[in-house]
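The primary structure of each chain is shown beneath.
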Amino acid sequence: MRQHNRPANVFVAGFIGSPKMNMLPVRVLSAGGEGVAVALPGGSSLVVPVKTGTLTANAELLLGIRPEHIRIADAGQFKGEAVLAERLGGLTILHADIGEKARLVVQTEGTDTTPLHSPIAMQVDPSHCHLFAADGKALAPLGKARAA
C-alpha cells in the first residue's frame, strides 16, 4: 500500500493503481517552507507539500494525482470539459480535457450524472498530490508521510 500512497518514482506511480495515476507537466513558481508552488495547465496554481531541495523557479516537474483523489466541484484548481464517461455501476470514470493536450481521469461515484461535453471544475487536496523531478524520482513529502 505504501507504493500506492507514496510512490518512489514515476514508473511505480504509473504502474500501481487502476485507473493509473494522472501525470501532468508543471512548472515551478516558487519553493519554500510550505512546499512547492506549481503552475497548472489552464492557468491555476497549487502548492504541493513536498521538500523543495534545490528546486528553482521555472524548473519542469511532473504532477501526479490519483483519479480517486480528484473531486468534481463547483470550483477547483482544474477547469475542463467532460469528454468520456465510463459508467461501471458502483463507480464512474470520467475523462476531462483540461487544456491543450492535457486530460484528467477522475474516479467518482457510480451515481455521477455529469453530462458529456459540458464544462466541469475539479478539485484536489494538495496533500494527495505527488511531484516528480526530471530524473523521475519523487520529491519527499513534508513532515510524516500519510499512513497507508
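### Here we look at the overall build of the chain
And step 1. Check the secondary structure of the chain and you find two helices and 10 strands.
And step 2. Helices and strands appear in the chain in the N-to-C order α-α-β-β-β-β-β-β-β-β-β-β.
And step 3. Here the chain holds 148 residues, and 39% of them are scored as buried.
And step 4. Carbon and sulfur atoms form 55% of the exposed surface of the chain, whose accessible area is close to 7,900 Å².
And step 5. Across the chain, the mean location of the 14 positive side-chain charges is 8 Å away from that of the 12 negative side-chain charges.

### Some remarks on the environment of P49
And step 1. With respect to the helices and strands, P49 occurs in the loop between β3 (45-48) and β4 (60-65).
And step 2. Taking the relative accessible area as the measure of exposure, P49 reaches 27% and is therefore partly exposed.
And step 3. Each residue touching P49, except ones within four places of it in the same chain, is listed here: E34, G35, P126, S127, P141 and L142.

### A few points about unusual backbone geometry
And step 1. Backbone geometry at N58 places phi at a positive 75°, although glycine is not the residue there.
And step 2. By the element assignment, N58 lies in the loop between β3 and β4.
And step 3. A positive phi angle, near 60°, is found at H117, a position not held by glycine.
And step 4. Tracing the sequence through the fold places H117 in the loop between β8 (102-109) and β9 (119-124).

### With respect to the sheet that holds strand β2 (residues 35-39)
And step 1. The sheet built from five strands is open, its strands ordered β3-β2-β1-β4-β10 with antiparallel pairing. With partners counted over all chains shown, the strands left at the sheet margins are β3 and β10 (129-132), one partner each. Across this sheet, the average inter-strand angle for adjacent strands is 40°, counted without regard to direction.
And step 2. One ladder, built from five bridges, connects strand β1 (residues 22-32) with β2; its direction is antiparallel. Counterpart to S30 in the pairing with β2 is A37.

### A word on the side chain of T108
And step 1. Within the secondary structure, T108 sits in strand β8.
And step 2. Non-local contacts of T108, meaning those with residues more than four positions away in its chain, are made with L91, T92 and L94.

### Quick notes on the sheet that holds strand β6 (residues 78-87)
And step 1. Sheet architecture is open: five strands sit in the order β5-β9-β6-β7-β8, paired in antiparallel fashion. Looking at which strands have only one partner, the edges of the open sheet turn out to be β5 (70-73) and β8. Each strand of the sheet is rotated relative to its neighbour by a mean of 45°, with strand direction disregarded.
And step 2. The pairing of β6 with β9 spans four bridges and is classified as antiparallel. Of the residues in β9, the one forming a bridge with G80 is I120.

### Overview of the confidence of the model for the chain
And step 1. Model confidence for the chain is summarised by a mean pLDDT of 90, while 94% of its residues fall at 70 or above.
And step 2. The weakest mean pLDDT in the chain belongs to helix α1 (residues 2-5) at 60; the strongest belongs to β4 at 97.

### What to know about the environment of V124
And step 1. Mapped onto the secondary structure, V124 falls in strand β9.
And step 2. Spatially, the C-alpha atoms of V124 and Q77 are 7.1 Å apart, while their sequence positions differ by 47 residues.
And step 3. Aside from chain neighbours lying at most four places away, what touches V124 is L46, I65, H69, I70, Q77, F78 and C129.

Definitions and limits used
Along every chain, residues carry numbers that run from 1 in the direction the sequence is written. A pLDDT threshold of at least 70 governs which residues receive local features in this predicted model, and a stricter bar of 80 or more applies before side-chain atom pairs are shown or counted, although totals over entire chains, interfaces and linings include all residues. The side-chain figures draw on all heavy atoms in the structure; neither hydrogens nor water molecules are used. Elements are defined by DSSP. Helices are runs of H or I of four residues or more, strands are runs of E of two residues or more, and each kind is numbered from the N terminus. Under the scheme applied here, a residue whose accessible area is under 20% of the maximum for its type counts as buried, over 50% as exposed, and between as partly exposed, the area being computed with a 1.4 Å probe on protein chains only. All accessibility values rest on the Shrake-Rupley procedure with a 1.4 Å probe; residue burial counts only the protein chains present in the view. In this tally, Lys and Arg are treated as positive and Asp and Glu as negative; His is ignored, and so are the chain termini. By convention, the point assigned to a charge is CZ for Arg, NZ for Lys, CD for Glu and CG for Asp. We call two residues contacting when some pair of their heavy atoms lies within 4.5 Å. Between any two strands, pairing holds if DSSP finds at least two bridges. The convention used is that axes are lines fitted to C-alpha atoms, helices contributing only their stretch in contact, and that angles between N-to-C directions extend from 0 to 180 degrees. Predictor confidence is given residue by residue as pLDDT, running from a minimum of 0 to a maximum of 100.

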